[in-house]
Amino acid sequence: MSRAQLTRTGILRMALGGGGGADPLLPAEGGGDRRAPFLLRALRIAVVVCLYWFTSIAMVFLNKYLLDSPSLRLDAPLFVTFFQCALTAALCLGLSLGAACGAPCAGLPTLRLDPKVSRSVLPLSAVFIGMVTSNNLCLKHVGVAFYNVGRSLTTVFNVLLSYLLLKQTTSLYALLACGVIIGGFWLGVDQEGAEGTLSWTGIFFGILASLCVSLNAIYTKKVLPVVDGSIWRLTFYNNINACVLFFPLMVLLGEFRTLYHFDKLGSPSFWGVMTLGGVFGFAIGYVTGLQIKFTSPLTHNVSGTAKACAQTVLAVIYFEETKSFLWWTSNLMVLGGSFAYTWVKGLEMRKVQEDPNVKSGERNETGV
């Protein structure tokens, strides 16, 4: 998921798409929403989709400002990521304490730090660090317009890792969709080079981010039982572990020295933007789950593809860039291939669910 952007979204998507308990912050499936008038349901869906689009796009633009703004001049990407992880853990803990005091989110589990559980979650946290760091480093070195293409190989790695680690095969149509994505990726790299804006460092981190997003989904499924299937507990432990692991990395890369000489370290506006970026990073997981609940996983992926297209267009307009026809073609290939893959897998999974004679092994192969 490029539509998976970022960060904590993959965890909620995994749980809400199949596994884990119900999210206490989200409305229960079925129930009163199905009995609501059509116009009311349509309005709710429109509001939720708009909220998802706004949160996701705003998060990308805010992170780009924090990571690569000429006016800010802060060369400390690990610190930015560390701060967002720390804020996410604090917000999880705050919501949990509020629920314990009888706040509206009364279904949230009580959060307390258990060293044994923290150690069990540690392998996932290492992958999580790789995911959020490589995402941010990719965004730092490439433009927002190219960001979606630069880390578009997540679907390809999903298929590859599902075969290598889980021995799950993939249908020919799904493989053809992956081929379109790879073709769009390489065409995009070629066009960025032709325009003189190509960053091989950004491409490297984009590929690494795609790999880590796929690994994150696999490890999340393995680690969820350790936290009793609770997404909020997993998010809390994951971000606590990430904060601990980020600290020596920041020391090693000299980011504390960079922060010491940073002229805006005492600026309230700087910390305001940092906090806002962290809040959006936390909120993207919630609004992703909200969109899935009010629509479906398939519709969510389609919405994510459309959002990526809108984000690219907005970035080109905002940064006043001029792109060639082939550059736009590469974006359309990536978006079209992602949409086709989502559509094919949705049809295959529906066929499996409707056919009671399909064996369990075949079910696993279909649901890559």
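Residues numbered from 1 in each chain as written. Predicted model: local features only at pLDDT ≥ 70, side-chain atom pairs only at ≥ 80, totals over all residues. Heavy atoms only, no water.

Stated formally: UniProt positions are given in the numbering used here, feature names are shortened, and annotations may be inferred rather than shown by experiment.
The name an unreviewed UniProt entry gives the protein chain is FUCT1 protein, with Loxia curvirostra as the organism. Here the protein chain is described in UniProt, under the heading Sequence similarities (unreviewed entry), as follows: "Belongs to the TPT transporter family. SLC35E subfamily."

### Remarks on the overall build of the protein chain
Note the cut-off: To qualify as a helix, a DSSP run of H or I must reach at least 4 residues; to qualify as a strand, a run of E must reach at least 2; elements of each kind are numbered from the N terminus. Note on areas: Shrake-Rupley, 1.4 Å probe, and residue coverage restricted to the protein chains presented here.
Assigned secondary structure in the protein chain consists of 15 helices and zero strands. Surface exposure of the protein chain reaches about 17200 Å², of which carbon and sulfur atoms provide 67%.

### A closer look at the UniProt feature "transmembrane region" (unreviewed entry) in the protein chain
Those places that UniProt annotates as "transmembrane region" (unreviewed entry) correspond, in this numbering, to residues 42–61, 81–108, 120–139, 145–165, 172–189, 201–219, 231–250 and 270–290. The span residues 145–165 is 86% helical and 0% strand by assignment, and the distance between its end C-alpha atoms comes to 33 Å. Structurally, residues 231–250 is divided into 100% helix and 0% strand, and its ends, taken at the C-alpha atoms, are 28 Å apart.

### Some words on the packing of helix H12 (residues 268–294) against helix H13 (residues 297–318)
This is how the line gets drawn: Working convention: axes come from line fits to C-alpha atoms, limited for helices to the stretch in contact. Angles between N-to-C directions cover 0 to 180 degrees. For classification, angles of less than 35 degrees are called roughly parallel, those exceeding 145 degrees roughly antiparallel, those between 65 and 115 degrees roughly perpendicular, and all remaining angles oblique. By definition, any crossing whose near helix is turned counterclockwise from its far helix by less than a right angle is left-handed, and any crossing with a clockwise turn is right-handed. For this analysis, residues touch if any pair of their heavy atoms sits within 4.5 Å. Each residue is assigned to one class: nonpolar for Ala, Val, Leu, Ile, Met, Phe, Trp, Tyr, Cys and Pro, charged for Asp, Glu, Lys and Arg, and polar for all the others, Gly among them.
Contact pair H12 / H13: the axes reach a minimum separation of 7 Å and the direction vectors enclose 125°. One finds that H12 runs oblique with respect to H13. Taken as a pair, H12 and H13 cross one another with a handedness that is right-handed. Touching Thr288, Gln291 and Ile292 of H12 are Pro297, His300 and Ser303, all from H13. Class assignment of the residues belonging to the contact of H12 with H13 gives a composition of two nonpolar, four polar and no charged.

### Some remarks on the packing of aromatic side chains
Put simply, the rule reads: For Phe, Tyr and Trp, rings pair up if their centres lie within 6.5 Å, where Trp contributes its six-membered ring, and each pair is then called stacked (planes under 30 degrees apart), edge-to-face (over 60) or tilted (otherwise). Note on classification: 1.4 Å probe, protein chains only; a residue is buried when its accessible area is under 20% of the maximum for its type, exposed when over 50%, partly exposed between these limits. By the criterion adopted, a ring carries a charge over it if an Arg CZ or a Lys NZ lies within 6 Å of its centre and within 35 degrees of its normal.
This structure, assessed with the given rule, holds 15 aromatic pairs. Considering the side-chain rings of Phe247 and Phe256, the 5.2 Å spacing of their centres and the 55° angle between planes classify their relative orientation as tilted. When its relative accessible area of 46% is taken as the criterion, Phe247 is described as partly exposed. An aromatic cluster is built from Phe79, Phe83, Phe262, Phe270 and Trp271, whose rings are joined through pairwise contacts. Stacked on the ring of Tyr219, the Lys or Arg Lys222 has its end atom at 5.7 Å from the ring centre.

### Observations concerning unusual backbone geometry
Although it is not a glycine, Asp228 adopts a positive phi angle of roughly 60°. The topology assignment puts Asp228 in the loop between helix H9 (200–223) and helix H10 (231–252). According to the relative accessible area criterion, Asp228 is exposed, its value standing at 65%. The phi dihedral of Glu320 falls on the positive side, at around 55°, and the residue is not glycine. Under the relative-accessibility criterion, Glu320 is labelled exposed at 72%.

### Looking at the nonpolar core
Using the following cut-off: To form a nonpolar core, buried Ala, Val, Leu, Ile, Met, Phe, Trp, Tyr and Cys residues must be joined to one another through side-chain atoms within 4.5 Å.
Core analysis: the biggest nonpolar cluster contains 54 residues, and Leu74, Phe79, Phe146, Phe246, Phe270 and Met274 have the highest contact counts within it. With residues near it in sequence (within four places) discarded, Phe246 still touches Leu78, Thr81, Phe82, Cys85, Ile129, Val132 and Thr133.

### Observations concerning H10
Defined as follows: Helix span is expected to be 1.5 Å times the residue number reduced by one. Bend at a residue means the angle formed by two fitted axes: the first through the 7 residues ending at that position, the second through the 7 residues beginning there.
A rise of 1.5 Å per residue sets the reference length of H10, with its 22 residues, at 32 Å; its end C-alpha atoms lie 32 Å apart and thus fit the reference within 8%. Taking the largest bend as the criterion, H10 deviates by roughly 25°, centred on Phe246, and proline Pro248 comes between one and four positions later. Where H10 terminates, the next one or two residues include Gly254, which has phi positive at roughly 75°.

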